[in-house]
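Analysis of the macromolecular model
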Amino acid sequence: MSKRHLDESLKNHFLRQRLVLELLGARQVGKTTILKKVFPDAQYFLIDNEPVRKSFETYDQFSYKQIFSNVSKTIILDEIHLLSNPCRAAKIIFDQFPDKNLIITGSSALNIKNKTAESLAGRKIEYHLYPLTFMEYLEQTSGQVNKYNIIETLTTGLVSFTSKTLMFDLHASLERVLIYGLYPYLVEHPGDTDYLINLSDSVIFKDILELDLIENRRVALDLLKLLAHQIGNLISYSELSRTLGIDSRTIKKYIEIFEQSYIIFRLYPYSKNGRDEIGKSPKIYFHDLGLRNALINDFSSPFLRRDNGAIFENFIISEFYKFNDYLKTGFNLNFWRTSQGSEVDLVLSREKSPPIALEIKLTKGNTSRAFAGRYPEAQLGVITSENFY
């Protein structure tokens, strides 16, 4: 079975405590696969199955006792967000069945958090699973395992981007990932654009529509396509509102839903030292570039496209995002920009450490002298397609 970065954390969860294990992530990223691998003896219940859903909708401990009468110690409730009151079901099981270990999964964090935040407070630990990292992809496709410069930077707190001699074609592997993304399905089915188009057109909206989180599917899809064209750019809610003909409040609501459903994430400005530093407008990136490319229907080589810099920037920042979460390195991820146009693509910061300012360029670039002038203690670095790995 393919290794994932979360394997050990999940495996050790119930050795440390009995709290509910909550695994969140987009559809198709491998949540069910990793849980069945790590907990092979667990009893598995798919809430997307109508009879199973009805049995858990009773919210009755005696009904649950019948369900659990001959099952293993560990119970998995997959896609629990599809219950009308998922927190109530989880709370009953956790409180009334102390001999059981409970695992719950969901694709829509927004719905789960809205319905579970209060009543599962102090009863759960949350984990996130994302599309594959580049490191996981290489290991699963070619068995390559090398020190990864992004991991080295996050774990040491020191800029660590130098080229090294590799036993495989880094350029070719990077090109495939920048075009088709990192969904696990594509390891066995490389270049399957039909899968990605279906994912972008229907699968990612399944939970959002079933849970009545959006009023207008067409507008939501149009918004997502607009955002796909604007990766790496400052987002103006008012401009998006004018383009789509809907109010800014709806734009913000839909973006929040996309973010909580693990389709996109926002990066906010780093602002400490000056009035001219931009401090509000975020940038938006996609958790997976294959999905993003499907939305704009462009699977051409990233090295020949006008948006190649934005694609590579999205890739690098999403890798930092995933590893910062998996490794619990505690960095804040931001960008930096002034009203005069000085900019840093990624700023890593945490308490009691100097910030790390990284320029992300497909081929070559320079560190920011403007940022160094404002923050002389900062570490500076440039990440390129030649030195990121």
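Below or above, wherever it landed, is the structure these notes cover.

Cut-offs applied
- Residues numbered from 1 in each chain as written.
- Predicted model: local features only at pLDDT ≥ 70, side-chain atom pairs only at ≥ 80, totals over all residues.
- Heavy atoms only, no water.
- Helix = DSSP H or I, 4+ residues; strand = E, 2+ residues; numbered from the N terminus.
- Rg over C-alpha atoms; globule rule 2.2 N^0.38 Å.
- Buried < 20%, exposed > 50% of the residue type's maximum accessible area, 1.4 Å probe, protein only.
- Areas by Shrake-Rupley, 256 points an atom, 1.4 Å probe, with all protein chains shown as cover.
- Lys, Arg positive; Asp, Glu negative; His and termini not counted.
- Charge placed at Lys NZ, Arg CZ, Asp CG, Glu CD.
- Pairing = 2+ DSSP bridges.
- Contact = heavy atoms within 4.5 Å.
- Axes fitted to C-alpha atoms, helices over the stretch in contact; angles between N-to-C directions.
- Arc of directions from axis to C-beta.
- Polar contact = N/O pair within 3.5 Å; in protein donor to acceptor, adjacent residues only side chain to side chain.
- Salt bridge = Lys/Arg side-chain N within 4 Å of Asp/Glu carboxyl O.

**Side note on the overall build of the protein chain**
- Looking only at helices and strands, the protein chain features 18 helices and eleven strands.
- Here the C-alpha radius of gyration of the protein chain, 22 Å, is about what a compact globule of 389 residues would show, namely 21 Å.
- Principal-axis analysis of the C-alpha atoms places the extent of the protein chain at approximately 65 × 50 × 45 Å.
- Counting every position in the protein chain, which comprises 389 residues, the buried fraction comes to 54%.
- Counting only carbon and sulfur atoms, one obtains 47% of the accessible surface of the protein chain, whose full area is about 17,200 Å².
- For the protein chain, the centre of its 48 positive side-chain charges and the centre of its 46 negative side-chain charges are spaced 4 Å apart.

**Comments concerning unusual backbone geometry**
- Despite not being glycine, Glu79 has its phi angle at roughly 60 degrees, a positive value.
- Structurally, Glu79 can be placed in the loop between β3 (74-78) and α5 (86-96).
- Looking at Glu79, the relative accessible area reads 7%, which means it is buried.
- Despite not being glycine, Tyr262 shows a phi value in the positive range, around 65 degrees.
- Within the secondary structure layout, Tyr262 lies in the loop between α15 (248-260) and β6 (264-269).

**Quick word on the pairing of strand β8 (residues 332-337)**
- Pairing geometry for β6 and β8, over two bridges, is parallel. Bridging from a neighbouring strand, Pro269 pairs with Phe335 of β8.
- Bridge count between β8 and strand β9 (residues 343-349): five bridges; the pairing is antiparallel. From the neighbouring strand, Asn334 faces β9, where its bridge partner is Val347.
- What sits between β8 and β9 in their antiparallel hairpin is a turn of five residues, with Gly341 showing a positive phi close to 105 degrees.

**Observations concerning the pairing of strand β10 (residues 356-360)**
- For β10, the buried fraction is high: five of the five residues fall into the buried class.
- Because side chains alternate across β10, one face comprises the buried residues Ile356, Leu358 and Ile360, and the other comprises Ala357 and Glu359, equally buried.
- Both β9 and β10 contribute to a ladder of three bridges, which runs antiparallel. Residue Leu346 lies in a different strand from β10, and its bridge partner there is Leu358.

**Notes on the environment of Ser160**
- Within the fold, Ser160 resides in the loop between α8 (149-156) and α9 (170-180).
- As a C-alpha pair, Ser160 and Tyr148 span twelve residues in sequence and 9.3 Å in three-dimensional space.
- In contact with Ser160, not counting residues within four places along its chain, are Asn149, Glu152 and Thr153.

**Remarks on the sheet that holds β6**
- Read across the sheet, six strands follow the order β7-β6-β8-β9-β10-β11 without closing on themselves; strand pairing throughout is mixed. At either end of the open sheet lies a strand with only one pairing partner, and these are β7 (283-286) and β11 (379-383). Taken pair by pair, the neighbouring strands of this sheet meet at an average axis angle of 35 degrees, ignoring direction.
- Two elements, β6 and β7, share four bridges in a ladder whose sense is antiparallel. Across the sheet, the residue bridging to Arg266 is Ile284, located in β7.
- Lying over the sheet, helix α13 (residues 217-229) contacts β6 and β7, oriented at roughly 100 degrees with respect to β7.

**Topic: helix α14 (residues 237-244)**
- Restricting attention to buried positions, one finds in α14 the residues Tyr237, Leu240 and Ser241. End-on view of α14: buried residues confined to an arc of 105 degrees, all on one side of the axis. Residues of α14 that are exposed and point more than 90 degrees away from the buried face comprise Arg242 and Thr243.
- Remark: Gly245 follows α14 within two positions and exhibits a positive phi of approximately 70 degrees.

**Structural notes on the sheet that holds β3**
- Within the open sheet, the five strands sit side by side as β2-β3-β4-β1-β5. Their pairing is parallel. Either end of the sheet is taken by a strand with one partner, and the two such strands are β2 (43-46) and β5 (124-128). Along the sheet, successive strands turn relative to each other by an average axial angle of 20 degrees, direction set aside.
- Of the strand pairs in this sheet, strand β1 (residues 20-24) and strand β4 (residues 101-106) are connected by four bridges, and their pairing is parallel. Within the sheet, the bridge partner assigned to Leu24 lies in β4 and is Gly106.
- The sheet contacts of helix α1 (residues 7-16) involve β1, β4 and β5, and relative to β5 the element is tilted by about 175 degrees.

**Some details on the side chain of Thr105**
- Turning to its location among the elements, Thr105 is positioned in strand β4.
- A distance of 2.3 Å separates the side chain of Thr105 from the side chain of Asp78, its partner in a polar contact.

**Side note on the pattern of salt bridges**
- Within the structure shown, the criterion is met by 22 salt bridges.
- The salt bridge partner of Asp95 is Lys91, with a shortest N-O separation of 3.4 Å. Taken together, the residues Asp95 and Lys91, both in helix α5 and four residues apart, mark about one turn of the helix.
- Among the residues examined, Lys91 registers a relative accessible area of 32% and is labelled partly exposed.
- With a closest N to O distance of 3.7 Å, Lys361 and Asp345 form a salt bridge. Residue Lys361 is located in the loop between β10 and α18 (369-374), and its partner Asp345 is located in strand β9; the two are separated by 16 residues in the primary sequence.
- For Asp345, a relative accessible area of 5% translates into the label buried.

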